[in-house]
Amino acid sequence: MTDIRELVAAERSDLVELLTGLSEEDWDRPSLCAGWRVREVVAHITMAYRYSMPRVLLGIAKAGGRFNRFSERAARADTAALSNAELLSCLRENINHPWKPPGGGYEGALSHDVIHGLDMTVALAIDRRVPLDRVRVVLSGLGPKHLKYFGVDLSNTELRATDLDWSYGAGEVVTGTAQDLLLLVSGRDVSVRRGS
């Protein structure tokens, strides 16, 4: 099996290549993250490389202990302070950065980059297929904690990928590509098919 860190680096490399080809207008287009343009998503992805742990903890404290509120403020402040080229350069320079989310390990880092990459490519109607070995790792980490975080209720539902030997849950069958199901379990609106 490929090392997870190699998959993370490959995903970041792909994102750098993709972002390099975007127009300035594309950087200002909305992403699947509510209220965020592509610029804010890139700022969020690269925040871990630019912020020290004390700065993150202070920011969370100032946001009333809410990480999402802090990350929202940080993304907006960063896009006001940094150009598209600076954000892209930060991602390019940190392809092999060892960051991993607290409690998430390198699988969490891969999940973070894959999901936010999809937030951009799907919103921009870019026909990018995340390699299945990466999506498989991300989906293998799916559990009740993940679903609760994103506010997704899969009661009486079985998710079944059409392009990967993967399923989750029990009940009414919902089919779709692995990456569409990944977006679904991450609270994004995507096209899936109900019924067996």
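Since this is a predicted model, take the numbers as computed values, not measurements.

**Student:** What is the right way to look at the overall build of the protein in this model?
**Tutor:** Helix and strand content of the protein: ten helices and four strands. If you list the helices and strands of the protein from N to C, you get α-α-α-α-α-α-α-α-α-β-β-β-α-β. Since a compact globule built from 196 residues should have a radius of gyration of about 16 Å, the 17 Å found for the protein is in line with a globular shape. For the protein, the C-alpha atoms occupy an extent of roughly 50 × 40 × 35 Å along the three principal directions.

**Student:** Would you take a moment to explain the side chain of His 112 for this structure?
**Tutor:** With respect to the helices and strands, His 112 occurs in helix H7 (residues 105-123). Under the relative-accessibility criterion, His 112 is labelled buried at 17%. Residues contacting His 112, with those up to four places away along its chain left out, are His 44, Ile 45 and Trp 99.

**Student:** What's the story with the packing of aromatic side chains in this structure? I'm lost.
**Tutor:** Aromatic ring pairs: the centre-centre distance and the angle between the two ring planes describe each pair. Scanning the model with the defined rule gives four aromatic pairs in all. Ring centres of Trp 166 and Tyr 168 lie 6.4 Å apart, and the angle between their planes is 10°; this geometry places the pair in the stacked category. Connected via pairs of aromatic rings, a cluster forms that spans Tyr 51, Phe 67 and Phe 70. Positioned above the aromatic ring of Tyr 51, the side-chain terminus of Arg 55 is 3.6 Å from the ring centre.

**Student:** Mind showing me how you'd approach the nonpolar core here?
**Tutor:** One recurring pattern in soluble globular proteins is that nonpolar side chains are buried together. Of all hydrophobic cores here, the largest spans 52 residues; its most connected members are Leu 19, Met 120, Leu 159, Trp 166 and Leu 182. Top contributing element to this core by residue count: helix H1 (residues 4-20), with eight residues. Setting aside its immediate chain neighbours within four residues, Leu 159 contacts Leu 154, Trp 166, Ser 167, Tyr 168, Val 174, Leu 181, Leu 184 and Val 185. Grouped together as the second largest cluster of nonpolar side chains are seven residues, Met 47, Tyr 51, Ile 60 and Ala 63 included.

Calculation notes
Residues numbered from 1 in each chain as written. Predicted model: local features only at pLDDT ≥ 70, side-chain atom pairs only at ≥ 80, totals over all residues. Heavy atoms only, no water. Helix = DSSP H or I, 4+ residues; strand = E, 2+ residues; numbered from the N terminus. Rg over C-alpha atoms; globule rule 2.2 N^0.38 Å. Buried < 20%, exposed > 50% of the residue type's maximum accessible area, 1.4 Å probe, protein only. Contact = heavy atoms within 4.5 Å. Phe/Tyr/Trp six-rings, centres within 6.5 Å; stacked < 30°, edge-to-face > 60°. Lys NZ or Arg CZ within 6 Å of the ring centre and 35° of its normal. Core = buried A, V, L, I, M, F, W, Y, C linked by side-chain atoms within 4.5 Å.

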